[in-house]
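Okay, here's what each chain looks like letter by letter:
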Amino acid sequence: MNHSNAMSASAARRGSPAARWLLIALGWLMFLLFLALPLAIVLTQALALGVGPFLAAIVEPDALSALRLTVLAVVIAVPLNLLFGLSAAWCVSKYEFRGKSLLVTLIDLPFSVSPVIAGLIYVLLFGAQGLLGPWLDDHDIQIIFALPGIVLATVFVTVPFVARELIPLMQEQGSQEEEAARLLGASGWQIFWHVTLPNIKWGLLYGVVLCTARAMGEFGAVSVVSGHIRGQTNTLPLHVEILYNEYNIVAAFSVASLLLILALCILLLKQWSEAHLDRQRNSAAEE
C-alpha cells in the first residue's frame, strides 16, 4: 500500500508528459525571444563593420573613461553595501530590538522607489539649489555631477542585495554556534572570523555578485546625478545612451557588448556561488 502511494506521489510530481514538454518548450521559447535574440542582435550590430571599428569604439578615450568610472563606482559602492549588509543581517538575525521591522522595511525601500526618484532626492539634497548645496559650495565640496554623487546613487539602488541574501541565511542557521563559542571564551572578532563567516561565506559572495551586477548596470539614478559630462561623469550605460542618441550605432553596440561581457562574467560567478550556497543549505538541512 505504501509502495503504491509512493508511486502515485511520484507520478503526481512528474505530471503529464505532454504538459511537462509544453512547459519546457515554452521556457526555451521565452529564453530565445527575450534573452538570446537581443544578445545576438547586440553582438551582430557591434561587429557590423568588422573587428577594427568594434575595438576602436571600446578603446576610444571616452569609452575608457566611462569604464574606469564604472569600475571605480562599483569598487567603492559594493564594499560599503557589504559592510551595511553584514551589519544589518547580524542585527536582524541575532538580536531583538525596537524598530527591527522598520529596519527590514527600509532595507527593501530601494526595490519600491524608482532609481530616477532616488537620483532626484540627492539633487534636492546636494545640488546647487538643494538643501545642503550652499554649504557644500562654500566649502568647495562637489557631490552632484561628480564621483561622490554617482557613488551615493549606486549605493542606494544596491543596498538590499547583500542584506537580503544574508538575513534569511543567518536566521536559518540560528545563533547556537556563536553562543557556544562565546561560552568557550572566544572574543567577538574570533566568533565572527571563525564561526559566523565560514557559515555565511557563500551567501555573502552571492549577495556581493548580485550587488556588483546591479551597480555596474545602473542607469536611472546615475543619469540624474552625473550631469552627462562626456569623459568625466559618464558611466558605461550613460556612454552607450549618448552614442546611440548620436546615431553612432556601431560604437553604441560595441560598448554595450563590453557591458554584456562583464555581465556574463558576473553571471558565471553568480552560478558558481549559487551552487555552493545550495550545497551548504542542503548540508545544513540534512544535519
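Computed from a prediction, not measured in an experiment: that's the story for all the values here.

A.B. asks: Before we go on, may I ask you to explain the pattern of salt bridges in this structure?
C.D. replies: When charged atoms on two side chains of opposite charge get close, those side chains can pair. One pass over the full model with this rule turns up six salt bridges. Ionic pairing is found between aspartate 108 and arginine 164, a salt bridge with its closest N-O pair at 2.9 Å. With aspartate 108 in helix 5 (residues 100-112) and arginine 164 in helix 8 (residues 147-173), the pair connects residues that are 56 residues apart, well separated along the chain. It is possible to trace a salt-bridge network through shared partners that takes in Asp62, Arg230 and Glu246.

A.B. asks: Help me understand the packing of aromatic side chains, please; the structure alone is not making it clear to me.
C.D. replies: All told, the structure shown has nine aromatic pairs when counted by the stated rule. Judged by centre distance (6.3 Å) and plane angle (50 degrees), the rings of tryptophan 90 and phenylalanine 192 are tilted. One end of the pair, tryptophan 90, is in helix 4 (residues 61-94); the other, phenylalanine 192, is in helix 10 (residues 188-217), with 102 residues separating them in the sequence. Through a chain of ring-to-ring contacts, three or more aromatic side chains come together here, namely Trp90, Trp189, Phe192 and Trp193. The cationic tip of lysine 94 hangs over the ring face of tryptophan 90; the distance from NZ or CZ to the ring centre is 5.9 Å.

A.B. asks: Can you walk me through the UniProt feature "transmembrane region" (unreviewed entry) in the protein in this structure?
C.D. replies: When the UniProt feature table is mapped onto this chain, "transmembrane region" (unreviewed entry) is found at residues 21-49, 69-90, 102-123, 143-163, 204-229 and 249-269. Across residues 21-49, the secondary structure splits into 90% helix and 0% strand, with the terminal C-alpha atoms separated by 41 Å.

A.B. asks: Quick question: what am I supposed to make of the state of the cysteines here?
C.D. replies: A covalent bond bridging the sulfur atoms of two cysteines is what the word disulfide describes. Evaluated as defined, the whole model comprises zero disulfides. Here cysteine 91 stays unpaired: no disulfide links it, and the sulfur of cysteine 211, its closest cysteine neighbor, is 18 Å away. Left unpaired, cysteine 265 is separated from the closest cysteine sulfur, that of cysteine 211, by 18 Å. In this structure cysteine 265 comes out as partly exposed when scored by relative accessible area, which is 42%.

What counts, and at which threshold
Residues numbered from 1 in each chain as written. Predicted model: local features only at pLDDT ≥ 70, side-chain atom pairs only at ≥ 80, totals over all residues. Heavy atoms only, no water. Salt bridge = Lys/Arg side-chain N within 4 Å of Asp/Glu carboxyl O. Helix = DSSP H or I, 4+ residues; strand = E, 2+ residues; numbered from the N terminus. Phe/Tyr/Trp six-rings, centres within 6.5 Å; stacked < 30°, edge-to-face > 60°. Lys NZ or Arg CZ within 6 Å of the ring centre and 35° of its normal. UniProt positions renumbered as here; feature names shortened; annotations may be inferred. Disulfide = S-S within 2.5 Å. Buried < 20%, exposed > 50% of the residue type's maximum accessible area, 1.4 Å probe, protein only.

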